[in-house]
Amino acid sequence: MSSVLDSGKGRMSMLSRQAIIEWLPVVIGFVGLYLSSFHIFFTQVWNRDDTAHGPMILVLSLWLMYRKRSEMLAVARDNTSSLAGWALLVFGLLLFIVGRSQQILALEFSSLITVMAAILLLKFGAASLRVYWFPFFFLLFMIPLPSALVAMLTMPMKMAVSYVSEHVLFWAGYPIARSGVILQIGQYQLLVADACAGLQTLLALESLGLLYLNVVRHTSTIRNIGLALLIIPISFTANVLRVVALTLITYYWGDAAGQGFLHGFAGMVLFISALILIISVDSLLQWIVSWRERSKKREKMR
């Protein structure tokens, strides 16, 4: 009996050594290639309010991969290699070279995702990549959009958020007026910044809604499609709630409070309110789907 256990332990240790030998060069190469990139991401991109969701997207994507690891390993093939995998790896490295040399951060972010996908494809096969399609799709929300596109789309979004926020507070009886994207309440003036109602913030909220859909995994098609379509107005509403919260903070506690710690707290309010709205809308859709099913059952019984 002891010899069987010893042989089993010996095989396990041999497999562990083999895995270390196989993966150590890959890990060292990946870390060595992207260590400086992460320094750039943290110091130039993720330190801004409108793109601070980047690390959260990365961590959640890795968590989704870990969550589905058993399903991925079940379809993985040993010692696999493919022309598509090598082509994808070369393409990812070219993206890195161009992005780093031309200082195009979107390409550098894209390179990170492409190289990760290439490694998975080379090591485990195409089936494993299909299992991980959503985590890789989710990583795309980490890529900063071109500044020209952001500038073009952000202004009308800020105008809409400012307009709705003004009317909500006016209906609530507050002394508020608006000039473009500047709100004046009492003696204070507030500029609705990109971080409060910008395109990147909307995309962060979109990613939150899609993550919720993927984790919950409803079987009802109507419920999934309905919630996916409603994520955009939910995100807009959450942005309005954030601007209203910051305006009221400034009105009651002054400009220093509005620009200090409570400004960051309002960012938490944004995501918490978006999550609450998503869950509330999902509960409403669940009730509608259940009501439809009960109606169909009653019709069949007649």
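Look a little higher up for the structure.
Since the model is a prediction, treat every value here as computed from it, not as a measurement.

Criteria and cut-off values
- Just so you know, the residues in each chain are numbered from 1, in the order the chain's sequence is written.
- Only residues with pLDDT of 70 or above have their local features reported here, since the model is predicted, and side-chain atom pairs are shown and tallied only from 80 upward, although totals for entire chains, interfaces and linings are computed over all residues.
- Values shown for side chains rest on all heavy atoms present in the structure; no hydrogens or waters enter the calculation.
- Exposed residues in this analysis have more than 50% of their type's maximum accessible area, buried residues have under 20%, and partly exposed residues fall in between, with area computed by a 1.4 Å probe over protein chains only.
- In this text, helices come from DSSP runs of H or I with a minimum length of four residues, and strands from runs of E with a minimum of two, each type numbered from the N-terminal end.
- A pair of strands is treated as paired once DSSP finds two or more bridges between them.
- Throughout this description, the term salt bridge denotes a Lys or Arg side-chain nitrogen within 4 Å of a carboxyl oxygen of Asp or Glu.
- Every helix has an expected span of 1.5 Å times one less than the residues it contains.
- We define the bend at each residue as the angle formed by axes fitted to the 7 residues ending at it and the 7 residues starting at it.
- Each cavity reported here is a set of points on a 1 Å grid over the protein atoms alone in which a 1.4 Å probe fits but cannot get out, each pocket an open set with protein on both sides within 12 Å along at least five of seven lines, and each lining residue one with an atom within 4 Å of a point.
- Grid points are joined across faces, edges and corners, and a volume is the space filled by probe spheres set on the points.
- In this classification, the charged set is Asp, Glu, Lys and Arg, the nonpolar set is Ala, Val, Leu, Ile, Met, Phe, Trp, Tyr, Cys and Pro, and all remaining amino acids, among them Gly, are polar.
- Between the N-to-C directions of two axes lies an angle of 0 to 180 degrees, each axis being a line fitted to C-alpha atoms and, for a helix, fitted only over the stretch in contact.
- Any two residues whose heavy atoms approach within 4.5 Å are treated as being in contact.

Asker: Please clarify how the pairing of strand E2 (residues 182–185) should be interpreted in this entry.
Answerer: Residues Leu-183 and Ile-185 line the buried face of E2, whereas the alternating positions Ile-182 and Gln-184 sit on a face that is not buried. The sheet contact formed by strand E1 (residues 176–179) and E2 spans 4 bridges and is antiparallel. Bridge pairing in E2 places Arg-178 opposite Leu-183. Hairpin remark: E1 followed by E2, antiparallel, with 2 residues in the connecting loop; positive phi at Gly-180, about 65°. Across 4 bridges, E2 lies against strand E3 (residues 188–191) in antiparallel orientation.

Asker: Help me understand the pattern of salt bridges in this model?
Answerer: Oppositely charged side chains are able to pair whenever their charged atoms sit close together. Going through the model one piece at a time under the given rule, you end up with 3 salt bridges. For Glu-71, the salt bridge goes to Lys-68, with nearest N and O atoms at 3.2 Å. Glu-71 gets classed as partly exposed once you look at its relative accessible area, which sits at 42%. The salt bridge partner of Glu-166 is Arg-178, with a shortest N-O separation of 3.0 Å. Linking Glu-166 in helix H8 (residues 147–171) with Arg-178 in strand E1, this pair joins segments that are 12 residues apart in sequence. When its relative accessible area of 15% is taken as the criterion, Glu-166 is described as buried.

Asker: What is the right way to read H8 from this model?
Answerer: Each α-helix winds once per 3.6 residues, and so residues spaced three or four apart point in a common direction. With 25 residues, H8 extends 35 Å between its outermost C-alpha atoms, agreeing within 8% with the 36 Å of an ideal straight helix rising 1.5 Å per residue. The principal kink in H8, of about 30°, is found at Thr-154, preceding the proline Pro-156 by one to four residues. Among all positions of H8, only Val-150, Thr-154, Met-157, Lys-158, Val-161, Ser-162, Ser-165, Glu-166 and Leu-169 are buried. After H8 finishes, the residue Gly-173 shows a positive phi value of roughly 95°.

Asker: For this particular structure, what's the right way to read empty space enclosed by the protein?
Answerer: A probe matching the size of a water molecule, rolled over the atoms, marks out where space remains unfilled. In total, this model carries 2 cavities of 30 Å³ or more according to the counting rule given. Here the second largest cavity is characterised by a volume of approximately 30 Å³. Forming the boundary of the second largest cavity are Leu-64, Lys-68, Trp-133, Phe-134, Pro-135, Asn-214 and Arg-217. For the lining of the second largest cavity, the element with the highest residue contribution is helix H7 (residues 133–139), accounting for 3 residues. For the lining of the second largest cavity, the residue count by class is 4 nonpolar, 1 polar and 2 charged.

Asker: Would you explain the sheet that holds E2 in this entry?
Answerer: Adjacent strands of a sheet pair through backbone hydrogen bonds, lying either parallel or antiparallel. The sheet built from 3 strands is open, its strands ordered E1-E2-E3 with antiparallel pairing. The outermost strands of the open sheet, each flanked by one partner alone, are E1 and E3. Averaged over all neighbouring strand pairs, the angle between strand axes comes to 20°, with direction disregarded. Helix-sheet contacts for H8 involve E1 and E2, and the interaxial angle to E1 is about 160°. In the packing of helix H11 (residues 221–253) onto the sheet, the strands contacted are E1, E2 and E3, and the crossing angle to E3 comes to about 155°.

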